[in-house]
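For reference, the chains in residue letters:
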Amino acid sequence: MNDQQQAAPEQMVFPVPEDFAKAAKCDKARYEEMYRRSVSDPDGFWGEHGKRLDWFSPYKTVKNTSFENDVSIKWFEDGTLNASYNCIDRHLPEKANDVALIWEGDNPAYHYSITYQQLYIHVCRFANVLKKMGVKKGDRVTLYMPMIVETAYAMLACARIGAVHSIVFGGFSAEALAGRINDCKSEWAITCDEGVRAGKSVPLKANLDKAAEHCPGLKGVLVVRHTGGAVDWVEGRDIWYHDAALDVSSACEPEVMNAEDPLFILYTSGSTGQPKGVLHTTGGYLVWASMTHEYVFDYRPGEVYWCAADVGWVTGHSYIIYGPLANGATSLMFEGVPTYPDVDRFWRVIAKHKVNIFYTAPTALRALMREGDEPVERHDLSSLRILGSVGEPINPEAWLWYHRVVGKERCPIVDTWWQTETGGMMITPLPGAMDLKPGSATKPFFGVQTALVSSEGDLIEGAGEGNLVITDSWPGQARTVYGDHDRFIQTYFSTYKGLYFTGDGCRRDEDGYYWITGRVDDVINVSGHRMGTAEVESALVAHQLVAEAAVVGFPHDVKGQGIYCYVTLNAGLEPTDNLAKELRQWVRTEIGPIATPDHIHFTPALPKTRSGKIMRRILRKIAENEFGNLGDTSTLADPSVVDSLIEGRKVR
Ligand code: WTA
């Protein structure tokens, strides 16, 4: 251990390992040079790097973007291409027999590999089935699928025929699913009989049936058989995939898409209202996903790469499917959970498939860290070369454990900061170019112009802390909120005019390293899942006994943040343990298990200003057990509410 490593974790610096500096795609000098060019000459830089994709007809215009007024973002706008072609067909001459996907089942007995040639056949057949159903270019197709290879086929098949996929995470409830189907007017859905997680089945088709009762526009449901579990059937609407695939061709010409044609919609939470359908388009997104995947993971041909996210989240889109497959990589898809059948499952999978690059979320690491070092040490992890982290700030303790116990102090950790809206990684180490500091996402990727602003909107120069904004467009950026461009402008470009506001707080140190401090809006991050407190509140008040609710996050050892709900019941009702239980179950049914409240705090009233605004700052402090530090409570309509809230901190 050197001197630095005895310092406080935040002060430690882990230099680039020598072999990385020598062999990596990008060393310190090259990073500086490429970064400089990417921001001083974006047209030249991206004009060159856009060529990493195969274009049917090349682009002439590279960047045409404005963060002002109506906000218009276009990249490579006169080029044409197809994402599925770029992820499959173009690899066939050289890589037909290379493995594209390794599938590892929830049950460790089940695993298999799919080569690029096989992927081509599966995706073409899937695409032909979609066409036979009547799906056309531009149609939205909702996927409610588990982590099986057919989900990858379905995504790439949509891309192949120019349909726009909208994946709804399999952990969302029927109600949440229905809202997303209706919002994007999706006439088509793809699901499977059941998913499997930790040995238990998840009734996906049954949930979709329930959702469909509220989706009058839904015309066809394609059902993949996975477990063989019994399902209800709606004649004329439901189609078994294996039946429909019997008589389709295994070749399907890729549709010629404009760079700015939509590729997918993905719903994500904000501080207000219902989730927004974030829209990504074809060219810029794919350039971004593939280039970040290659540089950040220092990806080398032949390596086995595993991103342990779910395809229902943006991480799965960009770093299980589009990025790695566009690069001709071998991407592992894992159906299960980190703790089944045992707490060593992640490490068992890494040893079994000789994984070289592993990418997961801090919440999983914190949960596994609690099990001690022994489950990790049971396995030979010598294949590992790079470790990644995503989804929430990684606390230095978890970082150090990951580095020491999993990476044996050999493997650089790339702590990648980004968002559904950014399409791919934004602030991240490049393993050969950046010395690492535990807890810092380090520096911006090529073309990312980061800045910090005070709440008044003044730019903060040098070291300091503020709100993180991006001052100019990058190719992977979301183009709009589906069907509501005003909401896009309002949400991201109105807080600070002409700047993209991330919603995150951030500190920049003397070395120009960025340290994300977490959301500054009413978005919480529970086990790496992004959620709007407003969504949980509207679920609670939808219960007939609830008069009012306010929801805040609070620090949680494993989840990062937990969900703390203040609930006022209708007049005359007495709170009981059973009612707390019922409300918890209610939120699970309304949104999904990921939104299960940790605490229900019944209170006769909420702290409000005289104009009726709930003072969340106070609610956050009380949830954090920080009673001494409540700030100014004199503007409250009834300051005595605070005392009774502190009194009632004993929660159910
Ligand atoms: C948080 C997930 C700190 C952040 C890719 C962001 C992070 C939100 C990191 C986006 C990180 C993501 N360090 N915080 N490395 N990565 N976040 O849209 O608050 O699900 O705004 O995208 O997660 O969540 P989303």
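Predicted, not measured: the structure shown is a model, and the values here were computed from it.

Trainee: Any chance you could explain the site of the ligand here in plain terms?
Mentor: Taken together, 17 residues are adjacent to the ligand, and D415, T416, T420, D504 and R530 come closest. The side chain of Q419 places a nitrogen or oxygen atom 2.9 Å from an oxygen atom of the ligand. Between the ligand and the protein, one listed contact pairs an oxygen atom with a side-chain N or O atom of D504 at 2.5 Å. Within the complex, the protein chains bury 95% of what would otherwise be the 530 Å² of accessible surface of the ligand. Considering only residue class, the shell around the ligand consists of 6 nonpolar, 6 polar and 5 charged.

Trainee: Can you walk me through a negative patch on the surface in this structure?
Mentor: A contiguous patch of negative charge on the surface is contributed by D70, D183, D484 and D486. Relative to the elements of secondary structure, D183 occurs in helix α8 (residues 174-183).

Trainee: Explain the pattern of salt bridges to me, please; I cannot follow it from the model alone.
Mentor: Here the idea is simple: oppositely charged side chains can pair when their charged atoms come close. Per the counting criterion, the structure on display carries 36 salt bridges. One salt bridge connects D298 with R385, and the closest N-O pair in it is separated by 3.2 Å. Here the residue D298 occupies a position in the loop between α11 (283-296) and β16 (304-307), and R385 occupies one in the loop between α15 (374-377) and β19 (386-390), the gap between them amounting to 87 residues. With relative accessibility at 1%, the residue D298 sits in the buried group.

Trainee: What is the right way to look at the sheet that holds β19 in this model?
Mentor: Pairing between the strands of a sheet is mediated by backbone hydrogen bonds and can be parallel or antiparallel. As summarised here, the arrangement of the 7 strands in space is β5-β4-β17-β16-β18-β19-β20, forming an open sheet in which the pairing is mixed. Either end of the sheet is taken by a strand with one partner, and the two such strands are β5 (111-115) and β20 (413-416). The average angle at which neighbouring strand axes cross in this sheet is 20°, direction not considered. Note that β16 and strand β18 (residues 357-360) share 3 bridges and pair parallel. Bridging from a neighbouring strand, C307 pairs with Y359 of β18. The strands touched by helix α6 (residues 116-133) within the sheet are β4 (99-104) and β5, with β5 carrying the most contacts at an inclination of about 85°.

Trainee: Before we go on, may I ask you to explain unusual backbone geometry in this structure?
Mentor: Comment: phi is negative for the bulk of residues other than glycine, and the bulk of peptide bonds are trans. Along the chain, Y340 connects to P341 via a cis peptide bond; the corresponding omega equals -5°. With respect to the helices and strands, P341 occurs in the loop between β17 (330-334) and α13 (345-353). In the Ramachandran plot, V71 falls in the positive-phi region, its phi being about 50° despite a non-glycine side chain. Within the secondary structure, V71 is located in the loop between β1 (63-66) and β2 (72-75). Classification of V71 as buried rests on a relative accessible area of 3%. Unusually for a residue other than glycine, F76 sits at a positive phi of about 55°. On the secondary structure map, F76 appears in the loop between β2 and β3 (80-81).

Trainee: Would you mind showing me how to read the UniProt feature "domain: Acetyl-coenzyme A synthetase N-terminal" (unreviewed entry) in the protein chain here?
Mentor: The UniProt entry lists residues 31-87 under the feature "domain: Acetyl-coenzyme A synthetase N-terminal" (unreviewed entry), expressed in the numbering used here. Strand forms 18% of residues 31-87 and helix 40%; the C-alpha atoms that close the span are 27 Å apart.

Trainee: When you look at the pairing of β4 in this model, what are you seeing that I'm missing?
Mentor: Looking down a regular strand, the side chains alternate between one sheet face and the other. A large share of β4 lies buried, amounting to 5 of its 6 residues. Here β4 runs beside β5; their pairing, made up of 5 bridges, is antiparallel. For V99, the partnering residue across the bridge sits in β5 and is T115. In this structure, the hairpin formed by β4 and β5 is closed by a connection of 6 residues. The sheet contact formed by β4 and β17 spans 4 bridges and is parallel. Among the inter-strand pairings, L101 is bridged to a residue of β17, identified as S331.

Trainee: Help me out: how do you make sense of the packing of aromatic side chains in this one?
Mentor: Each aromatic ring pair is specified by the distance between its two centres and by the angle formed by the two planes. A complete count under the given rule lists 47 aromatic pairs for this structure. With 6.0 Å between their ring centres and 85° between their planes, F346 and W347 make a pair best called edge-to-face. Judged by its relative accessible area of 1%, W347 is buried. Measuring from centroid to centroid gives 5.4 Å for F346 and F358, while their planes differ by 80°, and the two rings are edge-to-face. Here F346 is found in helix α13, whereas its partner F358 is found in strand β18, with 12 residues between them in sequence. As far as the burial class goes, F346 and F358 line up, both buried. Ring pairing ties together the aromatic residues Y31, Y35, F45, W46, W55, Y59, W75, F76, W288, Y295, F445 and F446, which thus form one cluster. It is R225 that lies over the ring of W240; its NZ or CZ is 5.5 Å from the centre. Over the ring of Y513 we find K437, and its NZ or CZ is 4.6 Å from the ring centre.

Trainee: How do you make sense of the sheet that holds strand β7 (residues 164-167) when you look at a structure like this?
Mentor: The strand order across the open sheet formed by 8 strands is β12-β11-β8-β6-β7-β14-β15-β24, and the pairing between neighbours is mixed. A single partner strand is all that each edge strand has here, and the edge strands are β12 (238-240) and β24 (480-481).

The rules behind these values
Residues numbered from 1 in each chain as written. Predicted model: local features only at pLDDT ≥ 70, side-chain atom pairs only at ≥ 80, totals over all residues. Heavy atoms only, no water. Near = heavy atom within 4 Å. Polar contact = N/O pair within 3.5 Å; in protein donor to acceptor, adjacent residues only side chain to side chain. Areas by Shrake-Rupley, 256 points an atom, 1.4 Å probe, with all protein chains shown as cover. Nonpolar A, V, L, I, M, F, W, Y, C, P; charged D, E, K, R; others polar. Patch = residues over 30% accessible without salt bridge, like charges linked within 9 Å, V, L, I, M, F, W, Y side chains within 5 Å. Salt bridge = Lys/Arg side-chain N within 4 Å of Asp/Glu carboxyl O. Lys, Arg positive; Asp, Glu negative; His and termini not counted. Charge placed at Lys NZ, Arg CZ, Asp CG, Glu CD. Helix = DSSP H or I, 4+ residues; strand = E, 2+ residues; numbered from the N terminus. Buried < 20%, exposed > 50% of the residue type's maximum accessible area, 1.4 Å probe, protein only. Pairing = 2+ DSSP bridges. Axes fitted to C-alpha atoms, helices over the stretch in contact; angles between N-to-C directions. Contact = heavy atoms within 4.5 Å. UniProt positions renumbered as here; feature names shortened; annotations may be inferred. Phe/Tyr/Trp six-rings, centres within 6.5 Å; stacked < 30°, edge-to-face > 60°. Lys NZ or Arg CZ within 6 Å of the ring centre and 35° of its normal.

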